[in-house]
Amino acid sequence: MKRIELHTDTIYSRELSFLSPFDLIRVYAKAGYDAIALTDYGSTSAFPEAEAEARRCNLRLIYGLTLDCVDSDDRYAITVLAKDQTGLEQLFQLQVLEEKNRFPFGPCITRGQLEECRSPLLVGSCAKDGQLIRAVQHGRSRDYLMELASSYDYLELYPEPYEDFVELLHLGRQLSIPICAVQQARIPPQLSAAGMHAYRAIASARRQSPADGALLAPEVFEQDFTALYALPEEKQMVSHALWTGPEQILAQIQPIQPLGEQLRDSDCQAQSSAMELLEKKIQAILLQRFPHGCPSVVSRRVEQELEWARDTDAAQTILLLADATSILHQDGALTVLLGVYNASYLLFLLGITDLDPLPYHGYCPVCGHWEQLGSSDSEKNCPQCGNPWARGGYNLEPVAFLSEKKMVYRVELRSNSDIYPQLRSKLAERYPNLVEHRCMGSAIPDKAQLQAVTEEYIAKHPETPELSGLLRDREFYARLQMNLSPRTRCGPHQLYLLPEAVQKRLPFLPPEPGQPSESLLGSSRLGQFPSLFYLESSLLDVLRQYQEQTGIPYSQIPLGDSAVYQALTQVIRGGTPPHPQELAISTACCLAGVDDQQLYQDLISWFGLSDLHTLTRIYSFGHSFWLRPENVRSLLEQGVDPAKMITCREDVYRYLVALGMGAEDAANWMERVYRGHIQHNGFTPADTALLESYGAEPWFIQACSLTNYLWPESHSTIHCALLVRLVWYILHFPQLEDQIVTNCSEDDFSQL
């Protein structure tokens, strides 16, 4: 017999749940289930994310949805399951209808709309807030209950309340309708006591029952039923509900090709055209930038990145980013791209990023001489013709993205908080196939509200001492918000370029004039289509205020001003007397993520802080997870040079290449280390022998074994560049510092 669960909720559901789609699959697979239905309330966003893990766990997925339905008598919840591909399309259609229908009491579908789509669907009577169970609880007549029950394909069953659900058992047997026992678990079994109380607190605040808790072991779930339904006749019906009924439903459902596979066929012609356009744009920019001929170092870097763009189908995403940043800059907004792509020279040429990632160099616009320089070189004139030359380059190693076999489609662009509506409209004019994703989720999004809810719960339940400490733990609310809210994890604004053929397969709201279509499904794993994730930035808002007030463009602020690094050192170390702008600089540090003063005091004492490079190393260490401060002290006692220590993923690559390892092998090692694979799985004897054959030092091998995650260097560099620019404004315009102090709240501190 197969274990089958026909009702589940993830964080995308309107019902409160702590389970991500990934966690949901894992906990049910571990419990020995053979199949589960994804039935989030009002959302299908879990589908793409759950499919990959279900394939890995060999767990069969049933595509479903819970909806509010209304007829002439009542409003109630129903669950629909797709029997086949046509059923999946009808399920999406019902989701769109629910979103479009605007009743005074909220989104609903009508019973008539349900019946029009019903043929390829299985319709279940919900055990919670369902039409049939409410009719039983209201004491409706037997004939009325029989009429209602006969309109469903199956009936969901909870163990309690016994006196209500035992009536459903008899109705199902009399009408030969499958009865299906459901758990509807919503939190991981291993959730801590504090997490459990937080779940109950939020459920209480949202007026939802917290009774549907962690997933029970199947044998415990069965015991709950058999203990309540003790009569011989009831035991037989309960056995049907636990085993036979769900199997009868599963037998009516045909295998459906995973949605991710259906959406994988992107528009090859569009990618080819985009690649051709990208190459033309780059060649035109290079011709303008280097009229005397492109230096060989630059040509090799450009060809290397163009080949990567070709292999990863990245051209459409790059062009979308270029258009978005151009629009934002024309509207006076500031932008910053997060992640490994700050090391891309192509993106720098297109104006998407503003830090030249090439090695430190000088270039003479008069004679065209280009020469790589050392970081300490101070020559100001061209050695060929004697004319002043332009110095540039931040030496950002591109291996972190060039080694990727496919482009990371979640490319995050941050800009100012009041500009997104204009960006969306202008992009929709340029791209007819632009789609916006509405992130469906039910969480309380505000950390202050989460804290208020928890405080109220503690006041009512003083016997919960494990929660009292959480009131002072800002990190707990941040983690709780992440667990609750898909919006937090995937960003508030998501734009995709989807081929028309793909759009026809998904739930879309028709576009308003001058706006993109709106997807009700899309997530960070929605196929591999060109996309843009737009997030607002408090730090960029502050920088724009300074730029407007001073007339000095923030991108022109020098990043080598020693006064900035001296001020940062003094403020972080807490020198006496305090720095005159200490409050403003401290706030700037918090905005940029330098918010653990004790940690950064230690890091400055170990690594020093004198320029952007040392600040980047300190920042990378502070945000990566490999060595605790006590481990660093141990290495220092062993005589390890701080300049050689691993602070970012590129440090691993550079160290191994310097020992003579090939670039490809070093890139593979870098990936294994920064993703924590070695920390989780340990070294094999072959791994240790290989490192020793290249002469890797013991401290390096130890660091690799302790690394759980490392930030990319270019990601840290752009954060630090923004911090340096802001501190420069503060130092040079102290009369404006109230803008940063008074306009930034605690909630802004983690929003770059």
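Residues numbered from 1 in each chain as written. Predicted model: local features only at pLDDT ≥ 70, side-chain atom pairs only at ≥ 80, totals over all residues. Heavy atoms only, no water.

1. A word on the overall build of the chain
Per the secondary structure count, the chain includes 35 helices and 18 strands. Across the 752 residues of the chain, 56% fall into the buried class. When contacts within the chain are restricted to residue pairs at least 6 apart in sequence, long-range pairs at least 24 apart make up 76% of them. (Helix = DSSP H or I, 4+ residues; strand = E, 2+ residues; numbered from the N terminus. Buried < 20%, exposed > 50% of the residue type's maximum accessible area, 1.4 Å probe, protein only. Contact = heavy atoms within 4.5 Å.)

2. Thoughts on helix α13 (residues 296–312)
The end-to-end C-alpha distance of α13 is 24 Å, a good match for the 24 Å that 17 residues give at a rise of 1.5 Å each. Turning to α13, its buried residues are Val298, Arg301, Val302, Glu305, Leu306, Trp308, Ala309 and Thr312. Down the axis of α13, the buried set is contained in an arc of 155 degrees. They therefore lie on one face. Exposed residues pointing more than 90 degrees away from the buried face of α13 are listed as Arg300 and Asp311. (Expected span 1.5 Å × (residues − 1). Arc of directions from axis to C-beta.)

3. Some remarks on unusual backbone geometry
Between Glu160 and Pro161 the backbone carries a cis peptide bond, its omega angle lying at 0 degrees. Along the chain, the position of Pro161 falls in the loop between β7 (154–157) and α7 (162–175). Look at Ser176: it is not a glycine, yet its phi comes out positive at around 60 degrees. On the secondary structure map, Ser176 appears in the loop between α7 and β8 (179–181).

4. Thoughts on the sheet that holds strand β11 (residues 370–372)
With respect to topology, three strands assemble into an open sheet ordered β11-β10-β12, the strand pairing being antiparallel. Of all strands in the sheet, those bounded by a partner on one side alone are β11 and β12 (390–392). Strand-to-strand twist across the sheet, computed as the mean angle between neighbouring axes with direction ignored, equals 20 degrees. Relative to β11, strand β10 (residues 361–363) runs antiparallel, the two sharing three bridges. For Tyr363, the partnering residue across the bridge sits in β11 and is Trp370. (Pairing = 2+ DSSP bridges. Axes fitted to C-alpha atoms, helices over the stretch in contact; angles between N-to-C directions.)

5. A short note on the environment of Arg414
Secondary-structure assignment places Arg414 in strand β13 (residues 412–415). Given the relative accessible area of 12%, Arg414 is considered buried. Separated by 126 residues in the primary sequence, Arg414 and Leu540 have C-alpha atoms spaced 8.2 Å apart. One polar contact links the side chain of Arg414 to the main-chain carbonyl oxygen of Glu536, over a distance of 3.2 Å. (Polar contact = N/O pair within 3.5 Å; in protein donor to acceptor, adjacent residues only side chain to side chain.)

6. Things to note about the sheet that holds strand β9 (residues 335–337)
Spatially, the seven strands line up as an open sheet ordered β9-β13-β18-β15-β14-β17-β16, and their pairing is mixed. The outermost strands of the open sheet, each flanked by one partner alone, are β9 and β16 (508–509). Sheet topology places β13 next to strand β18 (residues 531–536); four bridges connect them, and they run parallel. Of the residues in β18, the one forming a bridge with Ser415 is Glu536.

7. A short note on the nonpolar core
Residues Leu6, Tyr28, Phe47, Ile78, Val80, Leu81 and Leu94 are the most contacted members of the largest nonpolar core, which totals 87 residues. Here this core gets seven residues from one element, more than from any other, and that element is helix α10 (residues 232–251). Each residue touching Val80, except ones within four places of it in the same chain, is listed here: Tyr63, Gly64, Leu65, Leu67, Leu91, Leu94, Leu114, Leu122 and Val123. Counting 76 residues, the second largest nonpolar core, distinct from the first, contains Leu334, Met661, Ala666 and Ile718. (Core = buried A, V, L, I, M, F, W, Y, C linked by side-chain atoms within 4.5 Å.)

8. What about the side chain of Arg118?
By the element assignment, Arg118 lies in the loop between α4 (111–117) and β6 (121–125). Only 3.3 Å separates the side chain of Arg118 from the side chain of Asp153, close enough to count as a polar contact. With residues near it in sequence (within four places) discarded, Arg118 still touches Arg111, Val123, Ser151, Tyr152 and Asp153.

9. Points about the packing of helix α9 (residues 218–228) against α10
Two quantities define a packed helix pair, namely the angle between the axes and the distance from one axis to the other. Interhelical geometry of α9 versus α10 gives an angle of 155 degrees and a closest axis separation of 9 Å. One finds that α9 runs roughly antiparallel with respect to α10. Along this stretch, α9 crosses α10, giving a crossing that reads as right-handed. Every residue of α10 that contacts α9 at Phe221, Glu222, Phe225, Thr226 and Leu228 is listed here: Glu234, Lys235, Val238, Leu242 and Trp243. Here the contact of α9 with α10 is composed, by residue class, of six nonpolar, one polar and three charged. (Parallel < 35°, antiparallel > 145°, perpendicular 65-115°, else oblique. Left-handed = near helix turned anticlockwise from the far one by under 90°. Nonpolar A, V, L, I, M, F, W, Y, C, P; charged D, E, K, R; others polar.)

10. A short note on the confidence of the model for the chain
When pLDDT is averaged along the chain, the result is 86, and 88% of the positions lie at 70 or above. Residue range residues 487–491 is modelled with pLDDT below 50. Its contacts to residues more than four positions away, or to other chains, number 14 contacts. Long-range and interchain partners of residues 746–751, a stretch whose pLDDT sits below 50, account for 17 contacts in this model, where long-range means more than four residues apart. (pLDDT = per-residue confidence, 0-100.)

11. A look at the side chain of Asp651
On the secondary structure map, Asp651 appears in helix α29 (residues 649–658). If we ignore the near neighbours within four places in the chain, the residues touching Asp651 are Arg617, Met645 and Ile646.

12. Some points on the packing of aromatic side chains
For the coordinates displayed, the defined rule picks out 25 aromatic pairs. Ring geometry for Trp728 against Tyr729: centres 5.9 Å apart, planes inclined by 70 degrees, an arrangement best described as edge-to-face. The class of Trp728 is buried, set by a relative accessible area of 11%. On the basis of relative accessible area, Tyr729 is assigned to the buried category, the value being 0%. Taken together, the ring pairs connect Tyr162, Phe221, Phe225 and Tyr229 into an aromatic cluster. Its end group placed over the ring of Trp669, Arg672 keeps NZ or CZ at 4.9 Å from the ring centre. (Phe/Tyr/Trp six-rings, centres within 6.5 Å; stacked < 30°, edge-to-face > 60°. Lys NZ or Arg CZ within 6 Å of the ring centre and 35° of its normal.)

13. Notes on helix α8 (residues 193–205)
Its 13 residues give α8 an end-to-end C-alpha distance of 18 Å, which sits within 8% of 18 Å, the value for a rise of 1.5 Å per residue. For α8, every residue scored as buried is listed here: Ala194, Gly195, His197, Ala198, Tyr199, Ala201, Ile202 and Ala203.

14. What to know about the pattern of salt bridges
Under the criterion given, the structure shown has 31 salt bridges. Residue Arg111 is joined to Glu115 by a salt bridge in which the shortest nitrogen-to-oxygen separation is 3.3 Å. Of the two residues, Arg111 and Glu115 are both situated in helix α4; the distance of four residues between them amounts to about one turn of the helix. Its relative accessible area of 38% is what places Glu115 among the partly exposed residues. If you follow the salt bridges from partner to partner, you end up with Asp9, Glu15, Lys128 and Arg186 in one network. (Salt bridge = Lys/Arg side-chain N within 4 Å of Asp/Glu carboxyl O.)

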